[in-house]
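Structural description and commentary
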Amino acid sequence: MRVLLTGGSGFIAAHVLDILLEHGHSVVTTVRSQEKAKKIAENHKDHGKDKLDFAIVEDIAQENAFDEAVKSEPPFEAVIHTASPFHFNVTDVQKQLLDPAIIGTTGILKSVKKSAPTVKKVIITSSFASIVNPFEGTWPEHTYSEKDWNPISAEQAVQNPANGYRASKTFAERAAWDFLEQEKPNFTIATMCPPLVLGPIVHYLNSLDALNTSNQRIRDIMQGKAKEEIPETGTFIWVDVRDLALCHVLAIEKEEAANKRFFITAGYFSNKEIAQVIEKHYPQYKDQLPTSSTPGGDYPKGGVYKIDNERVQKVLGIKFRSFDESIKDTVKSLQAVGA
Ligand code: NDP
């Protein structure tokens, strides 16, 4: 298949790109600059322009940003939209989080409908952030599944960056389903809703300071930041980036994925367990790591919400990697950039 992948410079998109190429698809990926395109091309020297090419989209928050990128020869059959800001370092939630997420999502759907009639499938990277009810805390009596929607309001969205990020994913995903219902386009949609995504980095990284948001807790624990007290885990469920990336690709390959929302999680974890796995495989970090008596980083005493991840296993046939393997491989990849 000929596939347009947005946000090719990102942590998750780099794995999606690898799997698309492995499965024999030909890919155009959007990046913000020629320099970023060059770094990705250097990582894929064995693939010619017919297999991997680039389109520059500087800012997905601009209306019509994707109008040119969706045009290709040969034409696209599928689109995977991963680009969206995931960090909390913002001063203006509306401009820096909500606009790129929402306008980015509606923008690509409009451009595809207008200018890429051969596209039959659009996959959107949403998030557990659009499922979770953050106002219920750890909610032990509840089971999360694809049926749940974050009830966050427009007013709550702009109160702080954490609300802003969760709202950006919720409103963007809602806008995608609304588009499908109202516009009745020529393509189907599937949304991917992972919680915290951990796993090895394969994208270009200047330095450990530029590490993607979700792996930062592993870096921080390796660097001794949990030695006196382990930070609160926050979200207690996770998935490995390689499994999530495979889900994106299977969603364009399997008809049964059409018009479905997927809650993609491998299970539970705590920050304390991250430290334990690091120590097990990399005893050289022992002095930086917390001990069994270091406070914090554990599961809450009252328990945590339950999870129903049956759909992704049944429809996409995914088998999840273990937490042990994921942490082990992540640390190895961080060592390669100086950890
Ligand atoms: P990254 O920060 O590594 O990737 C984000 C990508 O989006 C980058 O390619 C970035 O480009 C691009 N991007 C952000 N804002 C803009 C913009 N205004 N214009 C153009 N491009 C933009 O994060 P992840 O790989 O972790 O996230 C990818 C997707 O997965 C996001 O949609 C995120 O919400 C979702 N997700 C991630 C989870 C996680 O734990 N990692 C959990 C759940 C969902 P550049 O690098 O040039 O800034």
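The name that an unreviewed UniProt entry assigns to the protein chain is Glycine-rich RNA-binding protein 2, mitochondrial, with the source organism given as Friedmanniomyces endolithicus. For the protein chain, the Sequence similarities (unreviewed entry) comment in UniProt is given as "Belongs to the NAD(P)-dependent epimerase/dehydratase family. Dihydroflavonol-4-reductase subfamily."

**A look at the UniProt feature "domain: NAD-dependent epimerase/dehydratase" (unreviewed entry) in the protein chain**
Residues annotated by UniProt as "domain: NAD-dependent epimerase/dehydratase" (unreviewed entry) correspond here to residues 3-258. Strand forms 15% of residues 3-258 and helix 36%; the C-alpha atoms that close the span are 16 Å apart.

**Side note on the sheet that holds strand S3 (residues 52-56)**
Paired through their backbone hydrogen bonds, the strands of a sheet run either parallel or antiparallel. Read from one edge to the other, the open sheet built from seven strands follows the order S3-S2-S1-S4-S5-S7-S10, with strand pairing classed as parallel. Here the strands that pair on one side only, and so sit at the sheet edges, are S3 and strand S10 (261-263). Averaged over all pairs of adjacent strands, the angle between strand axes in this sheet comes to 20°, irrespective of strand direction. Bridge count between strand S5 (residues 121-125) and strand S7 (residues 188-193): five bridges; the pairing is parallel. Within S7, the position partnered with Thr 125 by the bridge is Met 192. Helix H2 (residues 34-43) rests against strand S2 (26-31) and S3 of the sheet, and its axis sits at about 165° to S3. Relative to the sheet, helix H3 (residues 93-115) contacts strand S1 (2-6), strand S4 (78-81), S5 and S7, its axis offset from that of S4 by approximately 170°.

**Side note on the nonpolar core**
Counting 61 residues, the largest nonpolar core has Leu 20, Met 192, Ile 218, Phe 262, Ile 278, Leu 316 and Ile 327 as its most contacted members. Setting aside its immediate chain neighbours within four residues, Ile 218 contacts Leu 198, Ile 274, Ile 278, Ile 327, Thr 330, Val 331 and Leu 334.

**What to know about the pairing of strand S9 (residues 237-240)**
Taking every second residue as pointing to the same face, both faces of S9 are buried, with Ile 237 and Val 239 on one and Trp 238 and Asp 240 on the other. As defined by bridge partners, strand S8 (residues 196-198) adjoins S9 across three bridges and the pair is classed as parallel. Across the sheet, Leu 198 pairs through a bridge with Asp 240, a residue of S9. For the segment spanning S8, helix H6 (residues 216-222) and S9, crossover handedness is right-handed.

**A short note on the packing of helix H1 (residues 11-22) against helix H7 (residues 241-253)**
Here H1 crosses H7 at 55°, and the two axes come no closer than 8 Å. Relative to H7, the element H1 lies oblique. Handedness of the H1/H7 crossing: right-handed. Contacts between H1 and H7 involve Phe 11, Ile 12, His 15, Val 16, Ile 19 and Leu 20 on the former and, on the latter, Val 241, Arg 242, Leu 244, Ala 245, Leu 246, His 248, Val 249 and Ile 252. In terms of residue class, the contact of H1 with H7 is made up of eleven nonpolar, two polar and one charged.

**Re unusual backbone geometry**
A cis amide bond links Glu 73 to the next residue, Pro 74, at an omega of 0°. Turning to its location among the elements, Pro 74 is positioned in the loop between S3 and S4. Here Trp 139, not a glycine, exhibits a phi torsion of approximately 40°, which is positive. With respect to the helices and strands, Trp 139 occurs in the loop between S5 and strand S6 (143-144). On the accessibility criterion, Trp 139 (18% relative accessible area) is buried. Its identity as a non-glycine residue notwithstanding, Lys 184 has a phi of 40°, on the positive side. Residue classification places Lys 184 among the exposed residues on the basis of a relative accessible area of 64%.

**Digging into the side chain of Arg 242**
Mapped onto the elements of the fold, Arg 242 is located in helix H7. With sequence-adjacent residues up to four places away left out, Arg 242 is seen in contact with His 15, Ile 19, Pro 200, Arg 321, Glu 325, Ser 326 and Asp 329.

**Remarks on the layout of surface pockets**
Rolled over the atoms, a probe as big as a water molecule pinpoints where empty space is left. What the second largest pocket holds in volume is close to 150 Å³. Here the residues of the lining of the second largest pocket are counted per class, giving two nonpolar, one polar and six charged.

Calculation rules
Residues numbered from 1 in each chain as written. Predicted model: local features only at pLDDT ≥ 70, side-chain atom pairs only at ≥ 80, totals over all residues. Heavy atoms only, no water. UniProt positions renumbered as here; feature names shortened; annotations may be inferred. Helix = DSSP H or I, 4+ residues; strand = E, 2+ residues; numbered from the N terminus. Pairing = 2+ DSSP bridges. Axes fitted to C-alpha atoms, helices over the stretch in contact; angles between N-to-C directions. Contact = heavy atoms within 4.5 Å. Core = buried A, V, L, I, M, F, W, Y, C linked by side-chain atoms within 4.5 Å. Buried < 20%, exposed > 50% of the residue type's maximum accessible area, 1.4 Å probe, protein only. Right-handed = clockwise from strand over helix to strand, strands pointing away. Parallel < 35°, antiparallel > 145°, perpendicular 65-115°, else oblique. Left-handed = near helix turned anticlockwise from the far one by under 90°. Nonpolar A, V, L, I, M, F, W, Y, C, P; charged D, E, K, R; others polar. 1 Å grid on protein atoms, 1.4 Å probe; cavity = no way out; pocket = protein on both sides within 12 Å on 5 of 7 lines; lining within 4 Å. Points joined across faces, edges and corners; volume = space filled by probe spheres on them.

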